[in-house]
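Here is what each chain is made of, one letter per residue.
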Amino acid sequence: MRLGMSRYQTIRLPDELMVAETKKAFAELSQRNLDDVAKKCSVAYIPSREQGVKGRFIITVFNRTYSVELSEECVVDLLTDKPAPKNVQYIIVKYLITGDGTPLGTGWVNYRDVVGAAPYVKEFEDFVLRRLANRFGNAVEVYEYACKVLGGKKEKLGGVSFSFSVLPRVRILCQLWAAEKQDYVPAVANVSFSMNSDRFLPARELGMVALLLVDMLEKEASKYAQPGQR
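Q: Can you help me understand helix α1 (residues 15-30) in this one?
A: Along an α-helix, a turn takes 3.6 residues, which lines up residues three or four apart on a common side. With 16 residues, α1 ought to run about 22 Å at 1.5 Å a step, and its terminal C-alpha atoms sit 23 Å apart, in line with that. Taken together, the buried positions of α1 are L17, M18, E21, T22, A25, F26 and L29. Of the surrounding secondary structure, the elements contacted by the buried residues of α1 are α2 (34-41), β2 (56-61), β3 (64-69), β4 (74-77), α3 (86-98) and α6 (203-221).

Q: How do you make sense of the side chain of T102 when you look at a structure like this?
A: By the element assignment, T102 lies in the loop between α3 and β6 (108-110). A distance of 2.7 Å separates a polar atom in the side chain of T102 from a polar atom in the side chain of D100. Those residues within four positions of T102 in sequence are excluded, and the remaining contacts are R169, N196, R199 and F200.

Q: What is the right way to read the environment of K219 from this model?
A: For K219, the location among the structural elements is in helix α6. In this structure, the C-alpha to C-alpha distance between K219 and T80, residues 139 residues apart in sequence, is 17 Å.

Q: It is not clear to me how the pattern of salt bridges should be interpreted in this structure. Could you clarify?
A: Two side chains that carry opposite charge are able to pair once their charged atoms sit near each other. Counted according to the given criterion, the structure contains 17 salt bridges. Measuring nitrogen to oxygen at the nearest pair gives 3.3 Å for the salt bridge that ties K24 to E21. In this pair, K24 and E21 are both assigned in helix α1, three residues apart and thus about one turn of the helix distant. With a closest N to O distance of 3.5 Å, K23 and E73 form a salt bridge. Here K23 is found in helix α1, whereas its partner E73 is found in the loop between β3 and β4, with 50 residues between them in sequence. With relative accessibility at 53%, the residue K23 sits in the exposed group.

Analysis parameters
- Residues numbered from 1 in each chain as written.
- Predicted model: local features only at pLDDT ≥ 70, side-chain atom pairs only at ≥ 80, totals over all residues.
- Heavy atoms only, no water.
- Helix = DSSP H or I, 4+ residues; strand = E, 2+ residues; numbered from the N terminus.
- Expected span 1.5 Å × (residues − 1).
- Buried < 20%, exposed > 50% of the residue type's maximum accessible area, 1.4 Å probe, protein only.
- Contact = heavy atoms within 4.5 Å.
- Polar contact = N/O pair within 3.5 Å; in protein donor to acceptor, adjacent residues only side chain to side chain.
- Salt bridge = Lys/Arg side-chain N within 4 Å of Asp/Glu carboxyl O.

Remember that the coordinates give geometry; whether it matters functionally is a separate question.
The following block contains the structure:
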């Protein structure tokens, strides 16, 4: 049975669909003017010196740098020299074929206000916002540690706020209001995006970016050592 994107109104795409869609995105990318793509998306394009071999893009996602190998249709983590996770590969190539060169915005937009986000808002609240609040609402120090490890920049906004440069022209803001046990006030979290982010990634993929951030924060939090154990 042929997989169709329209069947999946979700930010948690199955691996086989991400692989198929990444392949389609690579095919579309190969038809583009690659220098133009690099300029619009603020990435480096390195042409190949070998005849018949395509070049590559160099791009940073959060605090890791990747090589988009056009001939192999693969995204490689330059630190480990291994293929990037499937969701990272998909997000990167989708960014390259979507980006239209709009300048990076200075304000922040809630996910529910992103064009096309409506089908994904409930899932975003459940698997991004609620998950953040549940994991870090009583562990703000761990949250701050994980944010800093991922290159987050402390912001003077509501709650405990960190911004991240996800992609060259997509930024994300993560905010956490800690639980107040004595007053029975539950923790609350919010994740928003830099203005114009939807000119570089569609709503579904922006939701996937937020999900990726939560995954990464939880992974770093698992490495956190209490002061007495360091």
